[in-house]
Amino acid sequence: MKLADNKATLSFSNGSPSVDLPVYQGSIGPDVIDIRKLYAQTGMFTYDPGFLSTAATQSAITYIDGDKGELLYRGYPIEQLATQCDYLDTCYLLLNGELPNETQRTDFHKLVTNHTMVNEQMQFFLRGFRRDAHPMAVLTGLVGALSAFYHDSTDINNPQHREIAAIRLIAKMPTLVAMAYKYGMGQPYMYPQNNLSYAGNFLRMMFGTPCEEYKVNPVLERALDRIFILHADHEQNASTSTVRLCGSSGTNPFAAIAAGVACLWGPAHGGANEAALNMLHDIQAQGGVEKIGEFIKQVKDKNSGVKLMGFGHRVYKNYDPRAKLMQETCNEVLAELGLEKDPLFKLAKELEKIALEDDYFVQRKLYPNVDFYSGIVQRAIGIPVNLFTGIFALARTVGWIAQLNEMIGDPEYKIGRPRQLFTGSERRDVPALDKR
Ligand code: SDX
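Structural notes, computed from the coordinates. (Residues numbered from 1 in each chain as written. Predicted model: local features only at pLDDT ≥ 70, side-chain atom pairs only at ≥ 80, totals over all residues. Heavy atoms only, no water.)

1. Comments concerning the layout of surface pockets
For step 1, the next point in the chain: In this model, the second largest pocket occupies a volume close to 280 Å³.
For step 2, the next point in the chain: Around the second largest pocket, the lining comprises 14 residues; the ones closest to its centre are Tyr92, Leu95, Asn96, Glu163 and Asn405.
For step 3, the next point in the chain: When contributions to the lining of the second largest pocket are tallied by element, the ones reaching two or more residues are α3 (87-96), α4 (102-113), α7 (159-185) and α18 (388-408).
For step 4, the next point in the chain: Considering each element in turn, the lining of the second largest pocket owes the most residues, 4 residues, to α7.
For step 5, the next point in the chain: Counted by class, the lining of the second largest pocket contains 7 nonpolar, 2 polar and 5 charged residues. (1 Å grid on protein atoms, 1.4 Å probe; cavity = no way out; pocket = protein on both sides within 12 Å on 5 of 7 lines; lining within 4 Å. Points joined across faces, edges and corners; volume = space filled by probe spheres on them. Helix = DSSP H or I, 4+ residues; strand = E, 2+ residues; numbered from the N terminus. Nonpolar A, V, L, I, M, F, W, Y, C, P; charged D, E, K, R; others polar.)

Structure below.
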């Protein structure tokens with residue numbers, strides 16, 4: 001980042017001395033006002049719960065232009081990566097800053113493939129869960145438990161440890177997600193197959209059984225790989241900020257990623273794909289397209305607490321570019337499976353059309369986000385609704401690690417420790433019991 005010619009001057013109406021604050025510029029996007037010295041100079045904090053106007057870090061990984069609906073991973077537009085690269089190329093790019101050449105690509109694919117198995121002890125953690133446990137509860141536990149097996153790569157300040165931990169997490173997440181699914185089904189786990197692609201291997205671990213050869217459907221394999229690319233990283237979203245804050249204490253990468261999994265689970269964040277599909281199911285059950293008007297009315301009624309899940313975004317005030325690509329993938333998968341008439345897909349497109357014409361959504365710049373169509377395509381592939389967020393976590397693991405490593409690799413980083421505006425009781429003495 002570089003010092004801008006511009007600078008900010010903060011003045012106070014009560015006559016307190018004004019303060020000059022430096023302004024810094026990035027390569028693209030909004031400038032920042034550096035307030036790091038504000039408390040020392042004024043004895044005051046800034047106030048920004050939800051971080052609507054706060055840049056918590058500088059980063060060179062992912063850029064989002066919310067007004068244009070643009071998403072770049074290391075400068076490359078998501079539309080090009082999703083159609084010209086695969087997920088492991090995208091992982092290499094996010095981790096290293098450049099797309100791999102032929103040799104780097106082959107080596108990286110091989111490296112990840114050779115780390116897909118998990119320690120046999122991991123299956124005993126699963127046995128502690130009820131069979132009907134939510135897969136995200138299982139995954140949060142399993143990812144945190146990984147730190148118990150890799151004492152050779154838990155020193156986050158050691159670049160070699162960071163690198164091998166990154167490979168292990170990227171390689172093992174599909175195995176863990178598939179194990180959580182198989183455990184819930186009461187079926188045996190499928191071991192990874194090194195001759196399959198990353199997405200193909202995941203499909204086989206999910207839907208294969210020891211009883212017969214599993215044939216990977218190339219259309220589903222490609223669709224899943226694209227879903228992974230679309231979810232790989234997204235700037236300083238809630239779960240990424242959680243990983244950064246957790247990692248800033250120097251804890252091991254597995255624990256920090258487990259914190260990201262836990263945060264992603266929430267329906268306002270990665271849990272929205274599950275919530276969006278359940279919402280579509282509910283509307284369908286109540287009568288489908290004819291009931292959309294009534295549902296939209298409920299959404300517009302603040303007291304209903306009903307939101308149009310899969311719509312709206314803190315940054316995108318235009319169409320989420322990932323939603324467009326997800327809709328295309330939906331078309332491909334449904335056509336491949338002969339489900340073009342899928343009522344939920346029809347309902348989703350009708351709901352989107354009506355919402356985008358409705359003033360409530362237009363005024364608030366609410367558009368479909370990545371979660372609106374992803375549930376429909378995952379359901380068509382055969383992934384159960386309660387595993388959608390697990391797939392999101394699988395794909396986002398590389399983004400979390402890339403962001404964590406970028407923070408740790410920055411010599412200026414410090415442990416994150418926000419302050420507060422205190423509104424509680426002033427100092428008072430404890431009254432005797434009979435006086436309370
Ligand atoms: C992800 O940050 C990321 O990058 C996240 C993510 C990633 O890749 O990491 O992109 C993934 O989490 C996508 C978002 C998934 N969540 C949902 O689809 C859940 C539904 N969406 C909302 O909960 C909401 O839009 C948020 C949480 C996504 C964003 O909320 P903000 O930025 O805090 O905006 P807000 O709640 O202040 O909303 C502004 C207005 C409000 O109305 P008013 O008070 O101004 O009258 O828009 C309304 C909100 O009530 N609103 C919605 C709505 N989203 C916002 N009204 C109905 N339905 C919605 N979905």
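2. What to know about the site of the ligand
For step 1, the next point in the chain: Taken together, 24 residues form the shell around the ligand, and within it His234, His313, Arg314, Arg322 and Arg396 come nearest.
For step 2, the next point in the chain: Measuring from an oxygen atom of the ligand, one finds a side-chain N or O atom of His234 at 2.6 Å.
For step 3, the next point in the chain: A distance of 2.9 Å separates an oxygen atom of the ligand from a polar atom in the side chain of His269.
For step 4, the next point in the chain: Burial of the ligand by the protein amounts to 76% of the accessible area it has alone, namely 1000 Å².
For step 5, the next point in the chain: Looking at the shell around the ligand residue by residue, the class counts come to 10 nonpolar, 7 polar and 7 charged. (Near = heavy atom within 4 Å. Polar contact = N/O pair within 3.5 Å; in protein donor to acceptor, adjacent residues only side chain to side chain. Areas by Shrake-Rupley, 256 points an atom, 1.4 Å probe, with all protein chains shown as cover.)

3. Digging into the sheet that holds strand β6 (residues 76-77)
For step 1, the next point in the chain: Read from one edge of the open sheet, 3 strands run β4-β5-β6, paired in antiparallel fashion. The open sheet has two free edges, formed respectively by β4 (62-65) and β6, since each of these has just one partner strand.
For step 2, the next point in the chain: Pairing geometry for β4 and strand β5 (residues 70-73), over 4 bridges, is antiparallel. Directly across from Ile64, in β5, lies its bridge partner Leu71. (Pairing = 2+ DSSP bridges.)

4. Considering helix α14 (residues 321-336)
For step 1, the next point in the chain: The terminal C-alpha atoms of α14, which comprises 16 residues, lie 23 Å apart, in line with the 22 Å expected from a rise of 1.5 Å per residue.
For step 2, the next point in the chain: All of the buried residues along α14 are Pro321, Arg322, Ala323, Leu325, Met326, Thr329, Cys330, Val333 and Leu334.
For step 3, the next point in the chain: Where α14 is buried, its residues meet β5, α2 (78-84), α9 (218-230), α15 (343-357), α17 (370-381) and α18.
For step 4, the next point in the chain: In the segment just after α14, Gly338 is the residue with positive phi, at about 65°. (Expected span 1.5 Å × (residues − 1). Buried < 20%, exposed > 50% of the residue type's maximum accessible area, 1.4 Å probe, protein only. Contact = heavy atoms within 4.5 Å.)

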